[in-house]
Amino acid sequence: MSARTRTMPRRSCLSVPGSSERFLEKAPSVPADMTFLDLEDSVAPLEKVEARTKVVRAIRDLDWDDRVLCVRINAWDTKWTYGDVIEVVSNAGERLDEVMLPKVQTAAEVVAADLLLSQVEQNAGLPHGHVGIEAQIETTRGLINVEEICAASPRLETVIFGPADFAASMEMPVLTGGVQIPEYPGDHFHYVFSKILMAGRANGLQVIDGPFLKIRELDAFRDFCQRTRVLGYDGKWALHPDQVTVLNELFSPTQEQFDRALAILDAYKEATESERKGAVMFGDEMIDEASRKMALKFVSRGERAGLTRSTA
Ligand code: GLV
Ligand code: MG
């Protein structure tokens, strides 16, 4: 795992096609918490090999500030996976934080990526374990095996739901993945969201929701984001800068929540350290260790959003 990025907030995760120099050049100016340069499905087969060079050049030459920087490689059932890892990781240098492995079906696929990364890191003079892995769950088989997949490697930093490929894998009668299906009485992905979230959290991973493909429908996007945000997901993909703006707002606490979270941490510290109590009253409610853990998440996301404590 990449020690730098494992716990960094990933409210917004921007997808950038690796074959487009224009999009690659623009990407650093879009304030996403995480940006991934794609070699997989947004790149045509005939452009795959050349895109590797473009992606490496973008990582080396552009200023990516402190965001999480990732490259999505091709899945193991293609002919490009090992070449992607060797070419990109050998040449990108230390600034590359992670690779994203799509369509993960078994834990063995994560282990294979981990072993390959270890050799490439060694030959490239990178510290062992420098490159983290993000695993996409987007097939029925991947979902069935998600618990083993999430436990497969210490390099894993996140698990991601891929709604478009998942809908295809389920053979759902839809032509757009990752959006609401009005005919369905409820949330057609609720089980999937919960299963992935539990497997990820049980292994200390961040859990991310994938794309919403109707990129011009920002209100519907905002509405759809709440499904995973409220369950506890850490963030969601963006396919357009306007989606990044919505995500950074939605996945950040309000000033009031941020101040309250800091006040809870102070009260709990005072209670446990000065008064030697595990649970105390905070206003009209009881707080304890669970409250501290919940508050920490609000604080780290609020800090990422640039919030500072209000002065009373
Ligand atoms: C993302 O890769 C998806 O298939 O939804
Ligand atoms: Mg996909």
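Residues numbered from 1 in each chain as written. Chains lettered and ligands numbered in written order. Predicted model: local features only at pLDDT ≥ 70, side-chain atom pairs only at ≥ 80, totals over all residues. Heavy atoms only, no water.

Quick look at the coordination of the magnesium ion (ligand 2) now. For the magnesium ion (ligand 2), the full set of protein donor atoms is E138 (OE) and D165 (OD), and the range of their distances to it is 2.1 to 2.2 Å. Taken together, the residues span a long stretch of sequence, with E138 in the loop between β5 (132-137) and α5 (140-144) and D165 in helix α7 (residues 163-170) at a distance of 27 residues. We classify E138 as buried; its relative accessible area is 2%. On the basis of relative accessible area, D165 is assigned to the partly exposed category, the value being 22%. (Donors = N, O, S within 2.8 Å, 3.2 Å for Na, K, Ca; no water. Helix = DSSP H or I, 4+ residues; strand = E, 2+ residues; numbered from the N terminus. Buried < 20%, exposed > 50% of the residue type's maximum accessible area, 1.4 Å probe, protein only.)

What follows covers the side chain of D97. Looking at the element boundaries, D97 is found in the loop between α3 (81-92) and β4 (98-101). Here the side chain of D97 touches R4 through a polar contact of 2.9 Å, side chain to side chain. Here the side chain of D97 touches R95 through a polar contact of 2.9 Å, side chain to side chain. Once residues lying within four places of it in the same chain are set aside, the contact partners of D97 are S2, R4, T5, R67, V68, L69, H130, V131, G132 and E157. (Polar contact = N/O pair within 3.5 Å; in protein donor to acceptor, adjacent residues only side chain to side chain. Contact = heavy atoms within 4.5 Å.)

This part covers the sheet that holds strand β3 (residues 68-72). The strands that make up a sheet pair up through hydrogen bonds in the backbone, lying either parallel or antiparallel. Strand order in the closed barrel formed by eight strands is β1-β2-β3-β4-β5-β6-β7-β8, and the pairing between neighbours is parallel. Each strand axis lies, on average, 25° off the axis of its neighbour in the sheet, ignoring direction. Two strands pair when backbone bridges link them, and strand β6 (residues 156-161) and strand β7 (residues 206-209) are joined in this way by four bridges, in the parallel orientation. Across the sheet, I160 pairs through a bridge with I208, a residue of β7. (Pairing = 2+ DSSP bridges. Axes fitted to C-alpha atoms, helices over the stretch in contact; angles between N-to-C directions.)

On to the site of ligand 1, then. Residues in close proximity to ligand 1 include R72, Q136, E138, G162, P163, A164, D165, P211 and W237, which together make up its full environment. A distance of 2.9 Å separates an oxygen atom of ligand 1 from a polar backbone atom of D165. Residues that form the shell around ligand 1 fall into these classes: four nonpolar, two polar and three charged. (Near = heavy atom within 4 Å. Nonpolar A, V, L, I, M, F, W, Y, C, P; charged D, E, K, R; others polar.)

With that out of the way, let us pick up helix α12 (residues 289-304). In a regular helix each residue adds 1.5 Å, so 16 residues correspond to 22 Å; α12 covers 23 Å between its end C-alpha atoms and thus fits that length. Within the span of α12, buried status applies to S291, A295, V299, R301 and G302. As for α12, its buried residues are in contact with α11 (255-274) and β10 (285-287). For α12, the N-terminal cap is D288; the gap from its side-chain oxygen to the backbone nitrogen of A290 is 3.0 Å. (Expected span 1.5 Å × (residues − 1).)

When cut into domains, the protein chain gives domain 1 (2-250) and domain 2 (255-304). Measuring from the centre of the C-alpha atoms in domain 1 to the corresponding centre in domain 2 gives 32 Å. If you look at the interface, domain 1 gives nine residues, while domain 2 gives four residues. Taken together, domain 1 and domain 2 are joined by four salt bridges. For D234, the salt bridge goes to R301, with nearest N and O atoms at 3.8 Å. Linking domain 1 to domain 2 there are four residue pairs in polar contact (both at pLDDT 80 or more). (Domains from an automatic or database assignment. Salt bridge = Lys/Arg side-chain N within 4 Å of Asp/Glu carboxyl O.)

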